[in-house]
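Structural description and commentary
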Amino acid sequence: MSPFWVLVLLPTLAFGDALSDAKSMHSTLDRNVDKLLTKEEMLYLVKYYDDNKDNKLSMAELTKLTLKHVPKLTTQTLAWGKFVDTNKDGAISTAEFDAVFKAMDSNGNGKVDSAEYNAYVGKIASVI
């Protein structure tokens with residue numbers, strides 16, 4: 001399993017084969033393979049792909065990771081990135097990733113199971 005990423009790609013998977021892609025992405029993000037995502041697992045994306053080490057993913061960094069791993073989802077991923085970039089500075093900060101995690105963690109237990117993840121993917125698809 002790749003050390004990849006994909007908090008950023010979660011919502012983009014709502015385009016096309018959303019459910020099967022979402023299940024695959026949930027599994028990939030789940031670094032300790034306990035079938036639950038934690039905030040730390042999600043924030044790994046920033047740590048791993050933040051080329052300039054500013055604790056944010058710029059749209060250029062987001063594009064780079066998307067083109068490397070899932071080029072067919074570049075347009076949707078950038079639309080999601082712009083949506084979650086609430087301060088509109090052109091980057092997704094750890095605070096903005098934290099807000100995404102909270103939106104996914106519908107029961108507030110600090111972990112996102114596959115049902116919560118899939119629900120988030122479905123909801124965000126209607127917004128972006």
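You'll find the structure just up there.
Residues numbered from 1 in each chain as written. Predicted model: local features only at pLDDT ≥ 70, side-chain atom pairs only at ≥ 80, totals over all residues. Heavy atoms only, no water.

1. As for the overall build of the chain
Where we set the bar: Counting from the N terminus, the helices are the DSSP runs of H or I reaching at least four residues and the strands are the DSSP runs of E reaching at least two. Burial status follows relative accessibility: with a 1.4 Å probe on protein chains alone, a residue under 20% of its type maximum counts as buried, one over 50% as exposed, and anything between as partly exposed. Residues are treated as being in contact if the distance between any of their heavy atoms lies within 4.5 Å.
Counting its secondary structure elements, the chain contains six helices and four strands. Secondary structure of the chain in N-to-C order comes out as α-β-α-β-α-α-β-α-β-α. Burial statistics for the chain: of 128 residues in total, 45% are counted as buried. Within the chain, contacts between residues separated by at least 24 positions form 60% of all contacts whose residues are at least 6 apart in sequence.

2. Points about helix α4 (residues 74-84)
As a reminder of what qualifies: In this description, one arc is meant: the one made by directions from the helix axis to the C-beta atoms.
Every buried residue of α4 is listed here: T74, Q76, T77, W80, G81 and V84. In an axial view of α4, the angular spread of the buried residues amounts to 165°, which keeps them on one side of the axis. Along α4, exposed side chains directed more than 90 degrees from the buried face belong to T75 and K82. If you follow the buried residues of α4, they end up packed against α3 (59-69), β3 (91-93), α5 (94-104) and α6 (114-127).

3. Some remarks on the packing of aromatic side chains
Short version of the rule: Aromatic rings from Phe, Tyr and Trp, with only the six-membered ring used for Trp, were paired whenever their centres fell within 6.5 Å, and each pair was classed as stacked if the ring planes differed by under 30 degrees, edge-to-face if by over 60, and tilted otherwise.
Taken as a whole and assessed by the stated rule, the structure comprises three aromatic pairs. Here the aromatic rings of Y48 and Y49 are separated by 4.7 Å at their centres, their planes lie at 70°, and the arrangement is edge-to-face. By relative accessible area, Y49 is classed as buried at 10%. Through a chain of ring-to-ring contacts, three or more aromatic side chains come together here, namely Y44, Y48 and Y49.

4. Here we look at the pattern of salt bridges
Short version of the rule: Within this document, salt bridges are pairs made up of a side-chain nitrogen of Lys or Arg and a carboxyl oxygen of Asp or Glu, the two lying within 4 Å of each other.
Applying the stated criterion across every chain, the model contains four salt bridges. Residue D98 pairs with K39 through a salt bridge whose shortest N-O separation is 2.9 Å. Separated by 59 residues along the polypeptide, D98 in helix α5 and K39 in helix α2 (residues 39-49) bring together distant segments of the chain. We classify K39 as partly exposed; its relative accessible area is 30%. Taken together, the shared-partner salt bridges connect K39, D98 and K102 into one network.

Read these as layout, nothing more, since geometry by itself doesn't imply function.
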